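Coordinates in review
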Amino acid sequence: KNQVEQSPQSLIILEGKNCTLQCNYTVSPFSNLRWYKQDTGRGPVSLTIMTFSENTKSNGRYTATLDADTKQSSLHITASQLSDSASYICVVSAKGGSQGNLIFGKGTKLSVKP
Amino acid sequence: EPEVTQTPSHQVTQMGQEVILRCVPISNHLYFYWYRQILGQKVEFLVSFYNNEISEKSEIFDDQFSVERPDGSNFTLKIRSTKLEDSAMYFCASNPDRTTYEQYFGPGTRLTVT
């Protein structure tokens with residue numbers, strides 16, 4: 001069964017610190033993996049999208065990595081800011097599947113404290 | 001920057017009533033989607049829509065759901081006879097074409113069925 005698992009479920013860090021969020025998936029065949037940021041009560045906003053051939057992608061202070069062999073991805077946030085407080089969702093798309101049929105993880109809820 | 005908009009932001013309805021959730025996708029986009037997120041759970045795919053017809057739907061999208069693009073800008077989700085378990089955030093998303101992986105999500109409509 002196609003699944004996306006994220007860890008940790010929640011995380012509290014101090015402003016200015018770095019953190020890394022993890023995503024493991026069992027989606028096959030794999031097409032692409034996305035990281036979204038979702039503020040409370042808002043829609044997800046795309047941070048990065050990686051295909052099979054990409055193993056790292058950055059978007060400002062966000063850096064995502066992908067290991068397609070072990071089916072793992074991570075999202076590293078550098079020099080965290082209070083505005084980084086949100087849920088971070090890992091989403092995987094299967095090859096041949098419609099773009100709408102994305103498999104979502106449950107998300108990691110990040111709280112950045114002053 | 002263009003964005004997906006959704007109305008209303010919050011809808012309260014009684015069980016058994018019909019509701020229509022509205023979305024205005026980004027104007028040059030061709031693919032449209034509805035997702036839902038029950039409180040505390042994963043985002044789930046409902047349906048994708050292209051060229052005035054459903055291209056894919058999940059098993060959640062049963063006969064009580066329907067989608068429509070009544071004019072050149074709106075994209076609606078109708079729930080015919082709401083149930084308590086339909087209470088959720090409903091997100092509309094769009095993307096410009098099949099080769100663009102990134103989907104743009106709206107802010108969501110919170111549906112509360114009492």
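Residues numbered from 1 in each chain as written. Chains lettered and ligands numbered in written order. Predicted model: local features only at pLDDT ≥ 70, side-chain atom pairs only at ≥ 80, totals over all residues. Heavy atoms only, no water.

Turning our eyes to something else, we now look at the interface of chain A and chain B. Taken together, the 22 residues of chain A in the interface contact 23 residues of chain B. Interface of chain A and chain B: buried area, both sides summed, is about 1800 Å²; carbon and sulfur atoms make up 53% of it. The tally of links between chain A and chain B comes to zero salt bridges. Linking chain A with chain B are one residue pair in polar contact (both at pLDDT 80 or more), by the criterion used here. Listed by contribution, the elements that provide at least two residues to the side of chain A that touches chain B are β4 (30-38), β5 (45-51) and β10 (102-104) of chain A. With five residues, β4 of chain A is the largest single contributor of residues to the side of chain A that touches chain B. In terms of residue class, the side of chain A that touches chain B is built from six nonpolar, 13 polar and three charged. (Contact = heavy atoms within 4.5 Å. Buried area = accessible area lost by both parts, 1.4 Å probe. Salt bridge = Lys/Arg side-chain N within 4 Å of Asp/Glu carboxyl O. Polar contact = N/O pair within 3.5 Å; in protein donor to acceptor, adjacent residues only side chain to side chain. Helix = DSSP H or I, 4+ residues; strand = E, 2+ residues; numbered from the N terminus. Nonpolar A, V, L, I, M, F, W, Y, C, P; charged D, E, K, R; others polar.)

A separate point is the sheet that holds strand β3 (residues 19-24) of chain B. Residues and elements named next belong to chain B. Reading across the sheet, the four strands line up as β1-β3-β8-β7 and stay open at both edges, with antiparallel pairing between neighbours. Strands at the two margins of the open sheet, each flanked by one partner only, are β1 (5-7) and β7 (65-68). For this sheet, the mean angle separating the axes of adjacent strands, direction not counted, is 20°. Relative to strand β8 (residues 75-79), β7 runs antiparallel, the two sharing four bridges. Looking at the pairing, F65 lines up with I79 of β8. (Pairing = 2+ DSSP bridges. Axes fitted to C-alpha atoms, helices over the stretch in contact; angles between N-to-C directions.)

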